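Examining the three-dimensional arrangement
Below, each chain spelled out in residue letters.
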Amino acid sequence: MRIWIFDFDGTLSPIVADRNAAVLHPACAAMLKELSRSSNNRVAVLSSRKFEDILPRVPLDNVIIGGNSGMEWQLPGKIRVSPGTGKEKTLQTRRQELMPLIETLGNKPGIEIEDKQWSVAIHLKKSEQAGQENAINAITTWAERENIPLHRGPNVLEIQLLAGFNKSVGVSFLADLLKVDTQKDSLIYAGDDENDAVAMKWVLLNGGTAIMVGSRLDVPEADYVPDQQTLVDMVRMLQKQ
Ligand SMILES: [Mg+2]
């Protein structure tokens, strides 16, 4: 069995100024369809977007969808699963503690806070750069001091509210769910930001393949491609191996 996991923004979809306008690249949509037709493949899209946000962006029946960095999953047949089940109380306590601080820190021009329940995205609007640097510095310093995991992406800072949760935890949850045997099965992960980089490291440790799309983030042993079309070409090549 081969398990293909793709991040959405910047990986299957070109980065756009308005995140609400992001769509699946047509060549990537065709690739997902093609991969999911083979019974030897499991195909998943793992996004840090809210589950309700990512779901309609990938309208493909046989593709597994993970929202909130893998806190919520939908398997083919519309079966919903979450590694967060039973952790709602911890999350609520954490939210009460952190949300007022995040809102204060993010209440600056050019900054938009997106509450995604399990995580918070701090979006940096390209058009209003004045004041952003101070806000970014304040948020990064605060996160470092409080030991809060922060992932940087293009024009976004991502805070995981549940301590220790990131896409590598999401991927390992999916691997357990699919009963992946890393001795026999192979994992292929494609992504573009820091949250993907931790998942890639997990995949590489488990004998898999990692593809970094349009980014120079350093992940030793990852393959690098410049854009969506070259990602598709590389996936087709791997599929033939
Ligand atoms: Mg991305």
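About the cut-offs
Residues numbered from 1 in each chain as written. Predicted model: local features only at pLDDT ≥ 70, side-chain atom pairs only at ≥ 80, totals over all residues. Heavy atoms only, no water. Helix = DSSP H or I, 4+ residues; strand = E, 2+ residues; numbered from the N terminus. Rg over C-alpha atoms; globule rule 2.2 N^0.38 Å. Buried < 20%, exposed > 50% of the residue type's maximum accessible area, 1.4 Å probe, protein only. Lys, Arg positive; Asp, Glu negative; His and termini not counted. Charge placed at Lys NZ, Arg CZ, Asp CG, Glu CD. Expected span 1.5 Å × (residues − 1). Contact = heavy atoms within 4.5 Å. Polar contact = N/O pair within 3.5 Å; in protein donor to acceptor, adjacent residues only side chain to side chain. Axes fitted to C-alpha atoms, helices over the stretch in contact; angles between N-to-C directions. Parallel < 35°, antiparallel > 145°, perpendicular 65-115°, else oblique. Nonpolar A, V, L, I, M, F, W, Y, C, P; charged D, E, K, R; others polar. Phe/Tyr/Trp six-rings, centres within 6.5 Å; stacked < 30°, edge-to-face > 60°. Lys NZ or Arg CZ within 6 Å of the ring centre and 35° of its normal. Domains from an automatic or database assignment. Buried area = accessible area lost by both parts, 1.4 Å probe. Salt bridge = Lys/Arg side-chain N within 4 Å of Asp/Glu carboxyl O. Pairing = 2+ DSSP bridges.

1. Here's the deal with the overall build of the protein
Regarding its fold elements, the protein presents seven helices and twelve strands. The globule rule puts the C-alpha radius of gyration for 241 residues at 18 Å, and the 18 Å found for the protein is close to it. Oriented by its inertia axes, the alpha-carbon framework of the protein measures out at about 50 × 40 × 35 Å. With 241 residues in all, the protein has 52% of them scored as buried. If you average the places of the 27 positive and of the 31 negative side-chain charges in the protein, the two averages end up 4 Å apart.

2. With respect to helix α1 (residues 26–37)
Taking 1.5 Å as the rise per residue, α1 with twelve residues should run 16 Å; its terminal C-alpha atoms sit 17 Å apart, in good agreement. Where α1 is buried, its residues contact β1 (2–6), β2 (41–46), β3 (63–67) and α7 (228–240).

3. Observations regarding the environment of Thr-85
Tracing the backbone shows Thr-85 in the loop between β5 (79–81) and α3 (88–106). Between the C-alpha atoms of Thr-85 and Met-71, which are 14 residues apart in sequence, the distance is 9.0 Å. At 3.0 Å, the side chain of Thr-85 and the backbone oxygen of Ser-82 are in polar contact.

4. Structural notes on the packing of α3 against helix α4 (residues 132–146)
For the pair α3 and α4, the least separation of the axes is 10 Å and the interaxial angle reads 155°. Viewed along their axes, α3 and α4 adopt a mutual orientation that is roughly antiparallel. Residues Leu-98, Leu-101, Ile-102 and Leu-105 of α3 pack against Ala-135, Ala-138, Ile-139 and Trp-142 of α4. A per-class count over the contact of α3 with α4 returns eight nonpolar, no polar and no charged.

5. Focus on the packing of aromatic side chains
Applying the stated rule across the entire model yields zero aromatic pairs. The ring of Tyr-224 has Arg-216 lying over it, and the distance from NZ or CZ to the ring centre is 4.6 Å.

6. Some thoughts on the domain arrangement of the protein
For the protein, the assigned domains read domain 1 (2–84 + 165–240) and domain 2 (88–160). At the junction of the two partners, domain 1 supplies 18 residues and domain 2 supplies 15 residues. Summed over both partners, the interface of domain 1 with domain 2 comes to about 1400 Å²; 47% of that surface belongs to carbon and sulfur atoms. Taken together, domain 1 and domain 2 are joined by three salt bridges. Across the pair Arg-19 and Glu-114 runs a salt bridge, and its minimum N-O distance is 3.4 Å.

7. Description of the sheet that holds strand β9 (residues 156–160)
With respect to topology, four strands assemble into an open sheet ordered β6-β7-β9-β8, the strand pairing being antiparallel. Every other strand in the sheet has two partners, leaving β6 (111–115) and β8 (150–153) as the edge strands with one partner each. Across the sheet, the mean angle from the axis of one strand to that of its neighbour is 20°, orientation sign disregarded. The pairing of β8 with β9 spans four bridges and is antiparallel. Considered in β9, the bridge of Gly-153 is made with Val-156.

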